[in-house]
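Examination of the molecular architecture
Listed here are the chains, written in short residue letters.
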Amino acid sequence: MTPQIDIKDIKPELFLDTAKSWARELQPKDKNKDKNKTSQMRKFYNEVCSLEERLAACQDKQEKEQLFSKLQPGLCMLVPKAEYAKTRKHVDENFVKMIRTCITQVDGPDTLAHFRMFFEAVIGYSKEN
């Protein structure tokens, strides 16, 4: 069983243990070896990075919050995109679950940064497994 993801209250375990467990869970299995490839996960990761970079360009905190409100629908679109990728057998249910779990916790620029770092850790551990 994979540990619960909590990107609102970040602790070192999130990036050390939880991300590693999720990387193992997302590891392609024999019969599903074409699912959850690193290249597929990076497509989603790159979209998260793109949103975060747009926020980082904004210096004023209030403007950043307003921009986040405008960008949030694009972030939420990652869930249906992951569901679509699942129907095309590019990712599995665990990947969709991870994306959904994280995105439902993102409520501002800080939690978006936490999600991006967690996602980066998962991808990093994926190469290790």
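These remarks concern the structure in this document. (Residues numbered from 1 in each chain as written. Predicted model: local features only at pLDDT ≥ 70, side-chain atom pairs only at ≥ 80, totals over all residues. Heavy atoms only, no water.)

**Details of unusual backbone geometry**
You will see that Asn36, though not glycine, has its phi angle at about 60°, which is positive. Relative to the assigned elements, Asn36 resides in the loop between helix H1 (12–26) and helix H2 (38–56). Exposure remark for Asn36: the relative accessible area of 3% places this residue in the buried category. Backbone geometry places Lys89, a non-glycine residue, at a positive phi of 65°. Looking at the element boundaries, Lys89 is found in the loop between helix H4 (78–87) and helix H5 (93–103). (Helix = DSSP H or I, 4+ residues; strand = E, 2+ residues; numbered from the N terminus. Buried < 20%, exposed > 50% of the residue type's maximum accessible area, 1.4 Å probe, protein only.)

**Examining H5**
Buried within H5 are the following residues: Phe95, Val96, Met98, Ile99, Cys102 and Ile103. Summarising the axial view, the buried residues of H5 lie within an arc of 160°, below the 170-degree limit, and thus occupy one face. Sitting at the head of H5, Asp92 places a side-chain oxygen 3.1 Å from the backbone nitrogen of Asn94. (Arc of directions from axis to C-beta. Polar contact = N/O pair within 3.5 Å; in protein donor to acceptor, adjacent residues only side chain to side chain.)

**Quick look at the packing of H1 against H5**
H5 packs onto H1 with a crossing angle of 150° between their chain directions and a minimal axis gap of 9 Å. The interaxial crossing formed by H1 with H5 has left-handed handedness. Together, Trp22, Glu25 and Leu26 of H1 and Asn94, Phe95, Lys97 and Met98 of H5 make up the contact between the two elements. Classifying every residue of the contact of H1 with H5 by side-chain character gives four nonpolar, one polar and two charged. (Axes fitted to C-alpha atoms, helices over the stretch in contact; angles between N-to-C directions. Left-handed = near helix turned anticlockwise from the far one by under 90°. Contact = heavy atoms within 4.5 Å. Nonpolar A, V, L, I, M, F, W, Y, C, P; charged D, E, K, R; others polar.)

**Regarding the packing of aromatic side chains**
Inspection of every chain in the model, using the stated rule, returns four aromatic pairs. Centroid distance Tyr45 to Phe119: 5.7 Å. Interplanar angle 85°. Geometry classified as edge-to-face. Taken together, the residues Tyr45 in helix H2 and Phe119 in helix H6 (residues 109–128) connect sequence positions 74 residues apart. For the residue pair Tyr45 and Phe119, the accessibility class agrees, reading buried in each case. A centroid spacing of 5.7 Å and a plane angle of 20° characterise the contact between Phe115 and Phe119, whose relative ring orientation is stacked. Taken together, the residues span about one helical turn, with Phe115 and Phe119 both in helix H6 at a distance of four residues. The buried category is assigned to Phe119, whose relative accessible area is 0%. (Phe/Tyr/Trp six-rings, centres within 6.5 Å; stacked < 30°, edge-to-face > 60°.)

**Structural notes on the environment of Asp107**
Within the element layout of this structure, Asp107 appears in the loop between H5 and H6. Owing to a relative accessible area of 48%, Asp107 belongs among the partly exposed residues under this scheme. Residues Asp107 and Ser69, spaced 38 residues apart in sequence, show a C-alpha to C-alpha distance of 9.1 Å. Not counting chain neighbours up to four residues away, the residues in contact with Asp107 comprise Lys8 and Phe68.

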